[in-house]
Amino acid sequence: MADRRLRAFKRWMKWQSIECSDALQLTDSPDQGIAVRARCDLKEGDAVATIPKTACLTIKTTGAQEMIEAAGLEGCLGLSVALMFERSLGQVSPWAGYLQLLPPQEPIPLTWTSREVDLLLRGTELHKAVKEDKALIREDWKECILPLLDSFSELNPGFFGVNQYLAARSLIASRSFEIDDYHGFGMVPLADLFNHKTAAEDVHFTSLSSHSESDNDDVDDDQLTNVFDEKALVTSPSGNNSESNNEVDHPPPLPDDFTVLGMIMVKDVRGGNEVFNTYGSLGNAALLYRYGFTEENNPYDIVNIDLELVLQWSSSSFSNRHTRARVALWRRLGYSGCESQDSEYFEISFNGEPQLELLILLYIILLPEDAHRVLDLAVPTKGSYSSGKILPHSDTCVGQIASEMSRDLVLTESVCNALLSLAYVRESLYGMNTIEDDVEALRRCCCNRERKLYHSLMLRVSERRILGKLRSYASFRGNMDVIQYEEKVAQEKEAPSDAMAMHVHSLHVAEHIRDAQLKCFPQRIDKREAKGKTGKRLTD
């Protein structure tokens, strides 16, 4: 069965004038699925495939183009309709030979049941995002696709239901490429068969048009264009094409408008090895969300701590008024977290190192009142700076002030203790199971038979290990702060209280930043201090 569908696909490629080097071998196995391997040694710069843009399934090439454009559908929504439409045509579709090779859907979380999402993704970066996106996609279907069935009676409703739309979206999320400005994103046969390997790209997808390429932009444009001008498609040692037994010494002449896409080797690959593309430098949350798989020890893994969680922690220790005032000062310094849709968050790196903006926020929250007052006076109110922007590390004076808040300066013992608290709160979102429970469950899980469980466990374990590194980071840096403090005390022969030490350190930081501010806004500082002494508000 596997060989039959590959033979059908190869015949279809020949009909569509897709040139695939006979130095490449397409394999299909029940466990690994489809993969691309090298029949012989491949060299960097070898051209291994050319794909006409007319062979790609896009909004511009589908038979449903007029319907899609009349409905004003674009992007993933329009391409999903194109894919569903071509599937509804069966063997009549010009892409039938390609579509029969695709799975019904990719096992990404968007296609999981609500129960599976809640059970398998609880506590992970994806839990909330998947639930929200599934709801949005259902709204898209109801508002944009369902009306098509009323307007175009020839459409088969069985191919345009909400589940079919989710399936199409899963294929597009995991397989589409950006082709050019005219076609936009599309399904690119053959190019989408190369599997991913993080930071290990063997082959590069490119358009020979100068307008657009894929996200893999590490190869020089001139080099890629010259490859097709000067090199033939790589052939096997026998020199024969594996399908037609006709020699293919050179690719067919390229049209003057460069309407073909190319696959170029960007490193040497030994014969017999798999040839990998790369989908980008993505952590396991992004890989599972877009492509349905994860990688062990992925160096691009991160964990997010939502700003809302930080605010809840602060409000549990201080008043809501205190929290609001400290966050307002943090923002006036030009800081913010990462943003995604309606949420704001901070990243914890693979090594457990927290985002600097989080450390600064915690430091400001923990400032004693008089140190906070000094810093508050040193920073102009939002919108008072003439440029209208407050950006950290910019050329403005506010940027100079914000840059004073270095990692070493703000990583005090109290900030480290706050990090420990946040790490434990974030860890609690995974439920009662310990990380040891998850590791043992992952060890007993079979990737091929229990794919969803395996990759969700891999994501949970990778995230929880990062939280463990965050706790180690906070404990170590906190201990270093204590050690340095004790050494300083020993030198001075006098030990102030911990509160006094924090107080002095905070005032030192605030005064240091205030000195930088005085150089930029001396009159504003004097005016605001005067207002403070008369009992009026401390902010303009």
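Residues numbered from 1 in each chain as written. Predicted model: local features only at pLDDT ≥ 70, side-chain atom pairs only at ≥ 80, totals over all residues. Heavy atoms only, no water.

Helix and strand counts for the chain stand at 20 helices and 11 strands. Split into buried and exposed, the 540 residues of the chain put 49% on the buried side. Only carbon and sulfur atoms are counted for the fraction: they give 48% of the accessible area of the chain, which is about 26,400 Å². (Helix = DSSP H or I, 4+ residues; strand = E, 2+ residues; numbered from the N terminus. Buried < 20%, exposed > 50% of the residue type's maximum accessible area, 1.4 Å probe, protein only. Areas by Shrake-Rupley, 256 points an atom, 1.4 Å probe, with all protein chains shown as cover.)

It is worth spelling out helix α16 (residues 413–428) at this point. Look at α16: 23 Å from first C-alpha to last across 16 residues, which is about the 22 Å you get at 1.5 Å a residue. Looking at α16, one finds that the buried residues are Val415, Cys416, Ala418, Leu419, Leu420, Leu422, Ala423, Arg426 and Glu427. (Expected span 1.5 Å × (residues − 1).)

This part is about the pairing of strand β2 (residues 24–29). Side chains of β2 alternate between two faces, with Leu24, Leu26 and Asp28 buried and Gln25, Thr27 and Ser29 left unburied. In sequence, β2 turns back onto strand β3 (residues 33–38) through a hairpin of three residues. (Pairing = 2+ DSSP bridges.)

What follows deals with the confidence of the model for the chain. Detailed reading of the predicted coordinates is not advisable wherever pLDDT is low. For the chain, per-residue confidence averages 79 on the pLDDT scale, and 74% of positions sit at 70 or higher. Contacts from residues 209–257, a stretch scored under 50 in pLDDT, to residues over four places away or in other chains number 95 contacts. (pLDDT = per-residue confidence, 0-100. Contact = heavy atoms within 4.5 Å.)

Counting residues in each nonpolar core, the largest one holds 66 residues, and the members touching the most others are Phe9, Leu42, Val81, Val188, Leu190 and Val275. Looking at this core, the element that brings in the most residues is helix α3 (residues 75–88), giving seven residues. Discounting residues that sit within four places of it in the chain, valine 188 has contacts with Ile51, Cys56, Tyr98, Phe177, Ile179, Phe205 and Leu261. By size, the runner-up hydrophobic cluster in this structure holds 42 residues, among which are Ile305, Leu359, Ile365 and Leu367. (Core = buried A, V, L, I, M, F, W, Y, C linked by side-chain atoms within 4.5 Å.)

Right, let's get into the packing of helix α10 (residues 307–317) against α16. Interhelical geometry of α10 versus α16 gives an angle of 120 degrees and a closest axis separation of 11 Å. It follows from the interaxial angle that α10 and α16 lie oblique. Regarding α10 and α16, the two cross each other, and that crossing is right-handed. On the side of α10, the interface is formed by Leu309, Val310 and Trp313, while α16 contributes Ala418, Ser421, Leu422, Val425 and Arg426. Across the contact of α10 with α16, the residue classes break down as six nonpolar, one polar and one charged. (Axes fitted to C-alpha atoms, helices over the stretch in contact; angles between N-to-C directions. Parallel < 35°, antiparallel > 145°, perpendicular 65-115°, else oblique. Left-handed = near helix turned anticlockwise from the far one by under 90°. Nonpolar A, V, L, I, M, F, W, Y, C, P; charged D, E, K, R; others polar.)

Moving on, we come to the layout of surface pockets. Roughly 1,100 Å³ of volume is contained in the second largest pocket. In terms of lining residues, the second largest pocket is bounded by 35 residues, among which Glu125, Leu126, Ala129, Asn304 and Ser340 are the most central. Of all elements in the fold, only α6 (126–151), α9 (284–291), β9 (303–306), α10 and β11 (343–348) reach the threshold of two or more residues within the lining of the second largest pocket. Counting residues per element, the lining of the second largest pocket draws most heavily on α6, which supplies six residues. In the lining of the second largest pocket, the residues fall into 12 nonpolar, 11 polar and 12 charged. Both domains that meet at the lining of the second largest pocket, namely domain 1 (1–209 + 257–291) and domain 2 (303–380 + 397–520), each give it at least three residues. (1 Å grid on protein atoms, 1.4 Å probe; cavity = no way out; pocket = protein on both sides within 12 Å on 5 of 7 lines; lining within 4 Å. Points joined across faces, edges and corners; volume = space filled by probe spheres on them. Domains from an automatic or database assignment.)

With respect to the helices, strands and loops of the structure, leucine 149 is situated in helix α6. Sequence-wise, leucine 149 and glycine 161 are 12 residues apart; in three dimensions their C-alpha atoms are separated by 9.7 Å.

Sheet architecture is open: four strands sit in the order β1-β4-β8-β7, paired in antiparallel fashion. For this open sheet the edge positions go to β1 (19–20) and β7 (203–207), each flanked by a neighbour on one side alone. Of the pairings in the sheet, the one linking strand β4 (residues 47–52) to strand β8 (residues 260–265) comprises five bridges and is antiparallel in character. For isoleucine 51, the partnering residue across the bridge sits in β8 and is leucine 261.

Attention shifts here to unusual backbone geometry. Its identity is not glycine, yet leucine 190 carries a phi of approximately 75 degrees, on the positive side. Its place among the elements puts leucine 190 in the loop between β6 (184–187) and β7. For asparagine 297, which is not a glycine, the phi torsion comes out positive at approximately 55 degrees. Turning to its location among the elements, asparagine 297 is positioned in the loop between α9 and β9. By relative accessible area, which is 57% here, asparagine 297 ends up exposed.

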